[in-house]
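Below are the chains, spelled out letter by letter.
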Amino acid sequence: GPQKVDRSVDSVCPFCGVGCQITYHVRDEQIVSVSGRNGPANAGRLCVKGRFGFDYVASPDRLTVPLIRRADAPKDVAHCETHPDWRRVFREATWDEALDLAAGRLNALKARHGPKSLAGFGSAKGSNEEAYLFQKLVRTGFGSNNVDHCTRLCHASSVAALLEGVGSGAVSNPVSDVAHAELIFIIGSNPTANHPVAATWMKNAAQRGAKIVLADPRITDIARHAWRVLPFKPGADVAMLNALLHVIVNEGLCDEAFIRDRADNFAALAANVQGYSPEAMAPICGIAADTLREVARAYATARSAIILWGMGVSQHVHGTDNVRGLIALATCTGQIGRPGTGLHPLRGQNNVQGASDAGLIPMMFPNYQRVDNGAAHAWFEDFWGTTLDDEPGYTVVEIMHKALAPESDPHKVRGMVIMGENPAMSDPDLNHARHALASLRHLVVQDIFLTETAWLADVVLPASAWPEKTGTVSNTDRMVQLGQQALTPPGEARADLWIIQQLAQRMGLGWSYENDSCSRTLDKRQSQNSSETYHGVAQVYDEMRRAMHGAIAGITWERLQREGSVTYPCLSADDPGQPVVFTDGVPTKNGKVQLVPADIIPPDELPDADYPMVLITGRQLEHWHTGAMTRRASVLDALEPAPTVSMHGHDLARLGLQAGGTARVQSRRGEVELMVRRDDGTPPGSIFIPFAYREAAANLLTNAALDPFGKIPEFKYCAVRVAPA
Ligand code: SF4
């Protein structure tokens, strides 16, 4: 029968960007089960991560006391993989000692080398309030705009293209709009693994007769529900998209009235695609010309067609061009601005949308106000009451380069605070990234585990897991949702919001966020120590709401407590929220979509005789990103306990490998050994490795080459060789 619980607390799933609403059931101060709530994104549904991925919170690996690196402990990058006994490397400290040391050394570096010598990585796994406060700490305390987070590694190129093309980086339509679509075009995405509950809506739509088109080099599970599958050659996205546009332009399938009223630069786009006929592109992208024509016609003539994409589109040196192609497809056919149409970059992490909105990016203040825009800069100087840097800061990968810059570089990064990110696993070319982290004069890591990154820290601050916090997160559909605290952090671990404020105080910022209206939502036990658990979250939220210039004006903290989820834009208290946008033009300067032609740019590192195969990295259903949480969740770890490399049966035979055997995979930058898995959905000549496993870290192999616009690395393509180990 049902287990007796002490309390049930409503929150939001801490993993992917779908934003499923959940309820934690707590007994004896442990989460004993999780159930799905009837949220707007999930309607009670959960995937295996949301349902079973919670006991990481109670892992014996949790950090429960601040740590300081021992004076005689070198920053050994090998520790990132070997995880030796932590007592040899760190000693325990009080909060005062750890915070004084952390902030004191940051202050000293700033005084000696200037504000640009400091940088911060925030996290898409934290709340909006934490993201907002962290970027405010960097901009007003560190004094530079060197603040970024993992959005740089996932949809930075999508956002660059969307801001340029339609004036807004967020989705135009929610996932649930697939119910109104006649055609669902999924590209560079494996939704059944990475957005599983979103995938259920797509499957339901297919069952009701919608046509799914899957365009992806890997033939993944959603292909079973697809009307057409386009397994194009890795890296050939622009060739394929331009061929589709060629058909639309040349077969009279454009929505001419829509283009006239709503788009700029169509003539240049139309001229550019003339060189990209399906017949010419078929050998390049690997899809038959007839199929390209058939899909282009179906997309253009559907009553409503929606495009959803993932990191397969964005993580390329031509990621921005890929998204320019998707914007052009939707615009030329008028498939935008109505229910069941539009552009949906599926956000990966639970709060990557919100963290970006809150300003956790180096070139923009909250709500995408550019730091080098005079009016925006003046507004924020006034709002925060301090002088601010008006130069865009460095991005994630650039900051790693700047850490290894010569002493003479005036912008050399010497000190960092990393809150909830794990660049020693998630950055490309990990040998480089780990050496960059190890070379920092001062690294402060705020996290719930001794992550691979924390092993390279000088000071480690034990933080709170999501079920130990109250705060808001914004999902892929632009829904701002409230999560409530279910547990007290273990030992001396403290709320991230408190830690940020403590660092700020010690860096001379006179902040005071008080504990007020939110405490009434606490249950009796928690309210006894509410001053320790809330840290002014409602007040921080309200300040962020004002900094967001209207986008969430109508979403007050009180309304979130009442409704749990409100979609922005939401301009006033009586605005129900706007799930579908661009109904009336787009928020560019003249209200029109700016079409941008794109030409083929090859991947940065092509296979050759030494490294003849292509590595594609990504995620898998059971594990989350760098594995810090899910590999410590017992059920998920039991389901997928070991790193694997997937490849086609032909390649197994050709290379003398056996499924279940061990392969050595090498690139010019590193090598890993891992178990072989046969997957005939992997394109011959390519391999797939998930990046969640420290014992075979896929990013030791990847290439740090960047898309020039979004500054996103090419995680989806590098040259490797594979042999039996
Ligand atoms: Fe959590 Fe995403 Fe799974 Fe929903 S689909 S339960 S948000 S991981």
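What counts as what
- Residues numbered from 1 in each chain as written.
- Predicted model: local features only at pLDDT ≥ 70, side-chain atom pairs only at ≥ 80, totals over all residues.
- Heavy atoms only, no water.
- UniProt positions renumbered as here; feature names shortened; annotations may be inferred.
- Pairing = 2+ DSSP bridges.
- Helix = DSSP H or I, 4+ residues; strand = E, 2+ residues; numbered from the N terminus.
- Contact = heavy atoms within 4.5 Å.
- Axes fitted to C-alpha atoms, helices over the stretch in contact; angles between N-to-C directions.
- Patch = residues over 30% accessible without salt bridge, like charges linked within 9 Å, V, L, I, M, F, W, Y side chains within 5 Å.
- Areas by Shrake-Rupley, 256 points an atom, 1.4 Å probe, with all protein chains shown as cover.
- Salt bridge = Lys/Arg side-chain N within 4 Å of Asp/Glu carboxyl O.
- Core = buried A, V, L, I, M, F, W, Y, C linked by side-chain atoms within 4.5 Å.
- Buried < 20%, exposed > 50% of the residue type's maximum accessible area, 1.4 Å probe, protein only.
- Arc of directions from axis to C-beta.
- Near = heavy atom within 4 Å.
- Nonpolar A, V, L, I, M, F, W, Y, C, P; charged D, E, K, R; others polar.
- Phe/Tyr/Trp six-rings, centres within 6.5 Å; stacked < 30°, edge-to-face > 60°.

- Where an unreviewed UniProt entry is consulted, the protein appears under the name Formate dehydrogenase subunit alpha, with the organism given as Ottowia testudinis.
- The heading Sequence similarities (unreviewed entry) in the UniProt record of the protein holds the text "In the C-terminal section; belongs to the prokaryotic molybdopterin-containing oxidoreductase family."

1. Quick look at the sheet that holds strand 5 (residues 90-92)
Line of reasoning, step 1. One open sheet holds the 7 strands; their spatial order is 5-4-18-17-16-6-7, and the pairing between them is mixed. With partners counted over all chains shown, the strands left at the sheet margins are strand 5 and strand 7 (147-148), one partner each.
Line of reasoning, step 2. Note that strand 4 (residues 67-69) and strand 5 share 3 bridges and pair antiparallel. Bridge pairing in strand 5 places I68 opposite R91.
Line of reasoning, step 3. Helix-sheet contacts for helix 4 (residues 128-142) involve strand 6 (118-121), strand 7 and strand 16 (415-419), and the interaxial angle to strand 6 is about 175°.

2. A look at a nonpolar patch on the surface
Line of reasoning, step 1. Side chains of F52, V635 and L639 sit close together on the surface and give an oily, nonpolar patch of about 230 Å² of accessible area.
Line of reasoning, step 2. Tracing the sequence through the fold places V635 in helix 26 (residues 634-639).

3. Points about the nonpolar core
Line of reasoning, step 1. Core analysis: the largest hydrophobic core is formed by 107 residues, its most contacted members being L137, I184, M202, L308, L461, L503 and I555.
Line of reasoning, step 2. The contact partners of L308, leaving out residues within four places of it in the chain, are V175, V178, I184, F185, I186, I187, M202, H344 and L346.
Line of reasoning, step 3. Within the second largest apolar cluster, 57 residues are counted, among which are I187, F232, L269 and V273.

4. What about helix 12 (residues 278-285)?
Line of reasoning, step 1. Taken residue by residue, helix 12 has P278, M281, A282 and C285 as its buried positions. Along the long axis of helix 12, the arc covered by the buried residues comes to 120°, so they all point the same way.
Line of reasoning, step 2. Looking at the buried positions of helix 12, the neighbouring elements they touch are helix 9 (237-250) and helix 13 (289-301).
Line of reasoning, step 3. With its phi angle positive at about 80°, G286 sits one or two positions after the end of helix 12.

5. Some points on the site of the ligand
Line of reasoning, step 1. All residues adjacent to the ligand are C13, F15, C16, G19, C20, L46, C47, K49, G50, P196 and V197.
Line of reasoning, step 2. Among the elements of the structure, helix 1 (48-52) and helix 8 (196-207) are those that each provide at least two residues to the shell around the ligand.
Line of reasoning, step 3. In terms of residue class, the shell around the ligand is made up of 8 nonpolar, 2 polar and 1 charged.

6. Overview of the packing of aromatic side chains
Line of reasoning, step 1. A complete count under the given rule lists 14 aromatic pairs for this structure.
Line of reasoning, step 2. The interplanar angle of 65° and the centroid separation of 6.2 Å between the aromatic rings of F15 and W624 together place this pair among those described as edge-to-face. Here W624 lies in the loop between strand 23 (613-618) and helix 26 and F15 lies in the loop between strand 1 (7-12) and strand 2 (21-27), a separation of 609 residues in the sequence.
Line of reasoning, step 3. Of the residues examined, F15 reaches a relative accessible area of 1% and is grouped as buried.
Line of reasoning, step 4. Owing to a relative accessible area of 4%, W624 belongs among the buried residues under this scheme.
Line of reasoning, step 5. With centroids separated by 4.6 Å and ring planes inclined at 25°, the aromatic side chains of W379 and F383 adopt a geometry described as stacked. Residue W379 and its partner F383 are located together in helix 17 (residues 374-384), separated by 4 residues, close to a single helical turn.
Line of reasoning, step 6. The class for W379 is partly exposed, based on a relative accessible area of 32%.
Line of reasoning, step 7. Residue classification places F383 among the partly exposed positions, given a relative accessible area of 22%.

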